[in-house]
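# Examining the three-dimensional arrangement
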Amino acid sequence: MATKAADTRASEGPSLLERIKLSGGFTPYFLVFPTLLVILVIAVYPMLDSVRISLLDNPLINSPAFVGLHNYGSVLGDAEFQGAVRNTLVYSVISVAFETLFGLGIALLINKTFPGRGLVRAAILVPWAFPTVVSAQMWLLMYNDQTGIVTYILQGVHILAPGTSLVGTASGVVVAAIITDVWKTTPFMALLILAGLQVIPGELYEAAGVDGSTRWQQFRSITLPMLKNPLLIALLFRSLDAIRVFDLFYIFGAREVPSMASYSNFKMFAGTAQDFAPGVAAAVVVFLVGIVISLIFVTLMREPARQS
Amino acid sequence: MAVQEQTLITAKAQARARMATAERKAMWGNIGRYVAVVVIVFIALAPLYWTFITSVKNGIEINVSPPTLFPKQLDFSNYTQVLVNSTFFLPDLRNSVIISVVTTILALVFGVFCAYAIARTNFLGKSAVLGTILSVNMFPFIAMVGPLFVLFTGVINIYNTYAALIIPDLVLTLPLTIWFLTSFFRDLPPDLEEAARVDGASRLRALWEVIIPLTAPGVFAAAILSFIAVWNDFLFGLTLTTDESAQPVTVGITRFNAEHVVAYGQLAAAAIIVTIPLVILVLILQRRIVSGLTAGAVKG
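Here is what the cut-offs are and how they apply
Residues numbered from 1 in each chain as written. Chains lettered and ligands numbered in written order. Predicted model: local features only at pLDDT ≥ 70, side-chain atom pairs only at ≥ 80, totals over all residues. Helix = DSSP H or I, 4+ residues; strand = E, 2+ residues; numbered from the N terminus. Rg over C-alpha atoms; globule rule 2.2 N^0.38 Å. Contact = placed C-beta atoms within 7 Å. Core = buried A, V, L, I, M, F, W, Y, C linked by C-beta atoms within 7 Å. Buried ≥ 20, exposed ≤ 12 C-beta atoms within 10 Å, placed from the backbone. Domains from an automatic or database assignment. Nonpolar A, V, L, I, M, F, W, Y, C, P; charged D, E, K, R; others polar. pLDDT = per-residue confidence, 0-100. Axes fitted to C-alpha atoms, helices over the stretch in contact; angles between N-to-C directions. Parallel < 35°, antiparallel > 145°, perpendicular 65-115°, else oblique. Left-handed = near helix turned anticlockwise from the far one by under 90°.

## Quick look at the overall build of chain B
Along its length, chain B carries twelve helices and zero strands. Moving toward the C terminus, one meets the helices and strands of chain B in the order α-α-α-α-α-α-α-α-α-α-α-α. For 300 residues, the compact-globule estimate of 2.2 N^0.38 gives 19 Å, and chain B exceeds it by more than 25% at 27 Å. The principal-axis extents of the C-alpha atoms in chain B amount to approximately 95 × 70 × 35 Å. In chain B, 76% of the contacts between residues at least 6 apart in sequence involve partners at least 24 apart.

## A word on the nonpolar core
Ranked by internal contacts, the top residues of the largest apolar core, which has 166 residues, are Ala177 and Phe252 of chain A together with Tyr116 of chain B. Residues from two domains meet in this core; each of domain 1 (2–63) and domain 2 (78–299) of chain B gives at least three. If near-sequence neighbours (up to four positions away) are discounted, alanine 177 of chain A is found in contact with Tyr91, Val245, Leu248, Phe249 and Phe252 of chain A.

## Quick notes on the interface of chain A and chain B
Contact residues are listed per partner, giving 81 residues for chain A and 82 residues for chain B. Counting residues per element, the side of chain A that touches chain B draws most heavily on helix α3 (residues 27–53) of chain A, which supplies 17 residues. Residues that form the side of chain A that touches chain B fall into these classes: 60 nonpolar, 16 polar and five charged.

## Regarding the confidence of the model for chain A
Do not read the predicted coordinates in detail wherever pLDDT is low. Mean pLDDT over chain A stands at 86; residues scoring 70 or higher make up 91%. Low pLDDT, under 50, characterises residues 1–11 of chain A; the predicted model gives this stretch 15 contacts beyond four residues in sequence or across chains.

## Details of the packing of helix α13 (residues 260–270) of chain A against helix α14 (residues 276–302) of chain A
Residue and element names in this part refer to chain A. Interaxial distance between α13 and α14 falls to 7 Å at its minimum, and their mutual angle equals 165°. When the axis of α13 is compared with that of α14, the two are roughly antiparallel. For the pair α13 and α14, the sense of crossing is left-handed. Residue-level contacts link Met260, Ala261, Tyr263, Ser264, Lys267 and Met268 of α13 to Phe276, Pro278, Gly279, Val280, Ala282, Ala283, Val285 and Val286 of α14. In terms of residue class, the contact of α13 with α14 is made up of eleven nonpolar, two polar and one charged.

Following this line, the structure appears as structure tokens:
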């Protein structure tokens, strides 16, 4: 998208060749080189190295043996990991769905000027800025069975039996993680959607207003189609972020109710030396799931917008 | 004539009726909007409020059922516990400040050059460069942790030092910094820079003397966001450090509930200390953060 904007500007002015000469030939490459090097060495390289390590028996010793896909076999066959996959997927689908819905609502709300808009904007940035792990701790203060207000309320309305708490059961941990994530990440979703709303030309609504169409019709026929790509991009970001969830499950679920990422962490660092490579294999699985999700979204975005 | 007048009158009546409905709708719209504002602000801030009152309740009141919504008396002993008696909280806080500041400075140095090239010059492969940098932001960082652990405990022996966190934290902050800086640099009218370059200033001097001063608020916002991103890291801190010599405060805070008895009051006090600086920064910079995030999202 960045180049598109630059290209249009280029076609208005001098020819492309002249422009490249004007822009100083190799200077841009020198300018981006340090960043690119950092990214390649400390992000891309470890990411690829994790694939190599996942094929070894014990990478922490001097001469590890190559064991092929053995680690993947043991991880995928582990009931605990299957549970982690289930937890992660349920958490991801539900939290992203709610965040999109609420995010859309908040974006539509603060897209108009009205007294109090600044207050909403400031208030929603507060949870967004918190460290996720600290947010988890704050919600744990409300979820726990001794002092928690959420526990007290849920017991009061008989959703929880006396003496139990949300974080005491496996499904409860997933629910707790979803609630906390929706609280924390809806603001980000709202801002991404707001960005999409702000580029919809106001004339479209004016024309629709002259036609006498209702607000809901305008939303259906103008807002949603124009929002399709920004929404898909926001959904892709959130989905990739959701499947790598770590902090929330680390705090609420600990070893008993893991996500894929926290399973991987416990395997690598809380198990025996033999568990390290399978832990890395589990992390590679998270990576692969992310690639599949990205491919699905890219296909959806390429699809021409359907006429409504 | 008469027919025309007739239609004119009905049209006027219809318009009046429509306006009345529109007014009624607008009134309900306003009420709905304010209800939404109250609900959103309440939900956003309630956990912070609960954490605060938990932090100032005394050991008895904290366990009272039903929980009290307004503490009967303010007791700051949790704060003294956390700040004075804890052996790890202050060192961890110091570590977080050092790591966040150093990483932010490095990210800005790298990011300013890179974002300048992307925003203000044209070169082949620009979208590939930007795409690579931004996509790193979506990597599952858990897959970096294993290789980095092997590397930092073996070949490069920096496990449990600041370097072990500053290096991977750059990956958390560079994409964000470049995203922001690019959108701010791009918004600057090209004439300003061209004028400076006609005067004989090199690209780098134009960057340093014209662009950065003019986008200083944006650069500052990028710095704050970078600081927050590093400050909020938990995964790298948990896996690449082991004690107070480099451990960040996000890991330190989990130690309050790692013991047999969870010290809820101290946990709350620690959470307040860690988050209040963020709340203040965000409230001061909210307008710029929102414009950076939304502008970047559209153009980036």
